[in-house]
Amino acid sequence: MNTDNTFNEETLPTENQVETKPETLELTEEINHNLHSAGKWSQFLSILGFIGTGFMVLGGISVSIMTAFIPDTKPNIFPFPMALFGVIYIVFAGVYLLPILYLFRFSNSIKQAVALKKQDQLSIAFNNLRAHYKTFGIIMIVIMCLYPIMIIGMVLFGIFSGLGAAGGGIPM
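Counting from 1, residues in each chain are numbered in the order their sequence is written. Only residues with pLDDT of 70 or above have their local features reported here, since the model is predicted, and side-chain atom pairs are shown and tallied only from 80 upward, although totals for entire chains, interfaces and linings are computed over all residues. By convention in this description, side-chain values take in all heavy atoms of the structure and omit both hydrogens and water.

Student: I keep staring at the overall build of the protein and nothing clicks. Help me out?
Tutor: To qualify as a helix, a DSSP run of H or I must reach at least 4 residues; to qualify as a strand, a run of E must reach at least 2; elements of each kind are numbered from the N terminus. When helices and strands are counted, the protein shows 3 helices and 0 strands. Residue burial is assigned from relative accessible area. The probe radius is 1.4 Å, only protein chains are included, and a residue is buried under 20% of its type maximum, exposed over 50%, and partly exposed in between. Out of the 172 residues in the protein, the part that is buried amounts to 19%. Within the protein, residue pairs in contact and separated by at least 24 positions form 67% of the contacts whose partners lie at least 6 positions apart. Only carbon and sulfur atoms are counted for the fraction: they give 69% of the accessible area of the protein, which is about 13,500 Å². Contacts were defined at the residue level, with two residues in contact if any of their heavy atoms lie within 4.5 Å. Note that accessible areas follow from Shrake-Rupley with a 1.4 Å probe, and for residues the cover is restricted to the protein chains shown.

Student: Any chance you could explain unusual backbone geometry here in plain terms?
Tutor: Peptide bonds are, in most cases, trans, and in most cases residues other than glycine have a negative phi. For Lys 117, which is not glycine, the phi torsion reads 55° and is therefore positive. Here Lys 117 lies in the loop between α2 (83-116) and α3 (119-165). Note on Lys 117: relative accessible area 61%, which makes it exposed.

Student: Please clarify how the packing of helix α1 (residues 29-68) against α2 should be interpreted in this entry.
Tutor: Geometrically, a packed helix pair is captured by the angle between its two axes and the distance between the axes. Only the stretch in contact is used when a helix axis is fitted, and all axes are lines through C-alpha atoms; the angle between N-to-C directions ranges over 0 to 180 degrees. Axis separation between α1 and α2 bottoms out at 7 Å; the angle between their running directions is 165°. Our classification of the angle between α1 and α2 gives roughly antiparallel. The two elements α1 and α2 cross, and the hand of that crossing is left-handed. Residues are grouped as follows: nonpolar covers Ala, Val, Leu, Ile, Met, Phe, Trp, Tyr, Cys and Pro; charged covers Asp, Glu, Lys and Arg; every other residue, Gly included, is treated as polar. Partitioned by chemical class, the residues of the contact of α1 with α2 number 24 nonpolar, 15 polar and 2 charged. An angle below 35 degrees is treated as roughly parallel, one above 145 as roughly antiparallel, one from 65 to 115 as roughly perpendicular, and anything else as oblique. Crossing handedness is read from the near helix: turned anticlockwise from the far helix by less than a right angle, it gives a left-handed crossing, and turned clockwise, a right-handed one.

Student: It is not clear to me how the nonpolar core should be interpreted in this structure. Could you clarify?
Tutor: Soluble globular proteins tend to bury their nonpolar side chains together. The set of buried Ala, Val, Leu, Ile, Met, Phe, Trp, Tyr and Cys residues whose side-chain atoms join them within 4.5 Å is what this entry labels a nonpolar core. Leu 35, Leu 103, Phe 106, Ile 110, Ala 113, Val 114, Leu 122, Ala 125 and Leu 129 form the largest nonpolar core, which has 9 residues in total. Those elements that provide at least two residues to this core are α2 and α3. Counting residues per element, this core draws most heavily on α2, which supplies 5 residues.

Student: Looking at this structure, how should I read the packing of aromatic side chains?
Tutor: Each aromatic ring pair is described using two quantities: the centre-to-centre distance and the angle formed by the ring planes. Only rings of Phe, Tyr and Trp enter the pairing, Trp through its six-membered ring, and a pair is recorded when the two centres are within 6.5 Å. The plane angle decides the type: under 30 degrees is stacked, over 60 is edge-to-face, the rest tilted. Applying the stated criterion to the full structure yields 4 aromatic pairs. Ring centres of Trp 41 and Phe 44 lie 5.8 Å apart, and the angle between their planes is 85°; this geometry places the pair in the edge-to-face category. A residue pair is termed a helical-turn pair when its members lie 3 or 4 positions apart in one helix, as Trp 41 and Phe 44 do in helix α1 at 3 residues. Judged by its relative accessible area of 55%, Trp 41 is exposed. Judged by relative accessible area, which is 43%, Phe 44 ranks as partly exposed.

Everything listed is a geometric property; what it means functionally is a separate question.
Structure, rendered in structure tokens:
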């Protein structure tokens, strides 16, 4: 027998030594109650999210329309049309809509799964919850990556604006 601590096939259990039995997950009444309650709260939060997304779209449309009627000033402060801010806001609303939709689907599926005691509905519910958190996680990663770029851009904008106001212009 091998006495040193290296991998050896003799140390692996054989098929006769390992008894495999499928593990089941039991959903007690308390767990069912908590899942049903989570379904209600997630439905409430998803409806608030839909309302907030609607306000974001209305705000984006309003900004786009209002900035179209503002006369251009010379020199123009921004190198792009101001209506673009409204379009960007509408795009953000579209991105925000996806995780809210997953949360709404989770709430409907989890309440159905608990009421009808259906395993496939429970699986669908948790798949939607996973997609909700995954989407929000990706959004947070993107935002955190954009923060340093925005900070550097604001600092450079401030420096060049200060130089321009002092009459120095952009150094070349």
